[in-house]
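Observations on the model geometry
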Amino acid sequence: CSMATPAAAQQSLFNVPAGVSTPEGALFAQEQINITPSGGESNTTLQVGLTPWLEAGLNVFHVTLFQARNVDLARAAAGPSVLGNLVATLHPTRFLNLQAGFAAGVGARPVTGDPEPVLSGWAVSRWSAPGHWGSYVVGGYVGSRGETGDGWHAGALVGFELPLVPERLHLMGDWVVGVNAVGDVVLGAVAFFGRNAQFSLG
């Protein structure tokens, strides 16, 4: 789920950056709970808008809520991790946003618990179609082993948001393309509660 004050759009779709910015002087907060057969985890993001095009924030990722027995974590991304991030968003036209971000911090290496650097970078473009035909995100990412786990350390990012009831209920989906621990596809919806809060389920 995600909560926002007073930004009018979510920081990410599910796992793909949404390509929208936190307004200058505004605070954005997002809490995401992931539940899979192997366990559950919490991911928290806090952002503050520094200028009309630049924001900075703090991420606390992969905090274990529960874990299934006999789960093989050897190839997983770093466990509980704390990162700082810097994100720039440009608005060259009314229908196009360009965003790039970088995050760096430290996490716990799976199995051993040793400190491990966690580094990631991404760039996306967000295209807004006319009328009620939605928004579409395309981009790519790269990360250290602590960010992506074993496997490819780079991949593509794609996503969409399609209004069913504009500014009330939107269909949403995204795909982190990659042969690694973060590669995933999610389809779901987001409900808006005024301008300051949203709840997503996928």
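Above this note sits the structure.
Report on the accompanying structure. (Residues numbered from 1 in each chain as written. Predicted model: local features only at pLDDT ≥ 70, side-chain atom pairs only at ≥ 80, totals over all residues. Heavy atoms only, no water.)

**Some words on the overall build of the chain**
Rule in force here: Each helix is a run of DSSP H or I of at least 4 residues and each strand a run of E of at least 2, with the numbering of both proceeding from the N terminus. It is over C-alpha atoms that the radius of gyration is taken, and the globule rule equals 2.2 Å times the number of residues to the power 0.38. A simple rule labels every residue: compare its accessible area, found with a 1.4 Å probe on the protein chains alone, to the largest value its type can have, and call it buried under 20%, exposed over 50%, or partly exposed in between. Any two residues having at least one pair of non-hydrogen atoms within 4.5 Å are treated as being in contact. Using a 1.4 Å probe, the Shrake-Rupley method yields the accessible areas, and only the shown protein chains count as cover for residues. The convention is simple: Lys and Arg are positive, Asp and Glu are negative, and His and the chain ends are not counted. A charged residue contributes its charge at one atom only: NZ of Lys, CZ of Arg, CG of Asp or CD of Glu.
Across its full length, the chain carries one helix and 12 strands. From first element to last, N terminus to C terminus, the chain shows the α and β order β-β-β-β-β-β-β-β-α-β-β-β-β. The C-alpha atoms of the chain give 16 Å as radius of gyration, which agrees with the globular expectation for 202 residues (17 Å, within 12%). Of all 202 residues assigned to the chain, the portion counted as buried reaches 40%. Considering only contacts within the chain whose residues lie at least 6 apart along the sequence, 48% involve residues at least 24 apart. Total accessible area on the chain stands at roughly 10300 Å², and carbon and sulfur atoms take up 68% of it. Within the chain, the 13 negative side-chain charges are centred at a point lying 5 Å from the centre of the 8 positive side-chain charges.

**As for the packing of aromatic side chains**
Note the threshold: Stacked, tilted and edge-to-face pairs are distinguished by plane angle, under 30 degrees for stacked and over 60 for edge-to-face with tilted covering the rest, among Phe, Tyr and Trp rings (Trp via its six-membered ring) whose centres lie within 6.5 Å.
By the definition in use, this model includes one aromatic pair. Taking 6.2 Å as the distance between ring centres and 25° as the angle between the ring planes, the aromatic pair formed by F95 and W127 counts as stacked. With F95 in the loop between strand 5 (81–93) and strand 6 (96–108) and W127 in strand 7 (residues 115–128), this pair connects stretches of sequence that are 32 residues apart. On the basis of relative accessibility, which here comes to 40%, the residue W127 falls in the partly exposed class.

**Things to note about the side chain of H170**
The cut-off we apply is this: Identification of polar contacts relies on pairs of N or O atoms within 3.5 Å, with a donor-acceptor requirement for protein atoms, meaning one able to donate a hydrogen and the other able to accept it, and with residues adjacent in sequence counted only if both atoms are side-chain atoms.
Within the fold, H170 resides in strand 10 (residues 169–177). From its side chain, H170 meets the backbone nitrogen of E167 in a polar contact 3.0 Å long. The contacts of H170, once residues within four sequence positions are left out, are E161, L162, P163, L164, V165, G188, A189, V190 and F192.

**Here's the deal with the pattern of salt bridges**
This is how the line gets drawn: Throughout this description, the term salt bridge denotes a Lys or Arg side-chain nitrogen within 4 Å of a carboxyl oxygen of Asp or Glu.
According to the stated counting rule, one finds four salt bridges in the structure shown. Taken together, the shared-partner salt bridges in this structure form one network comprising R109, E116, R145 and D150.

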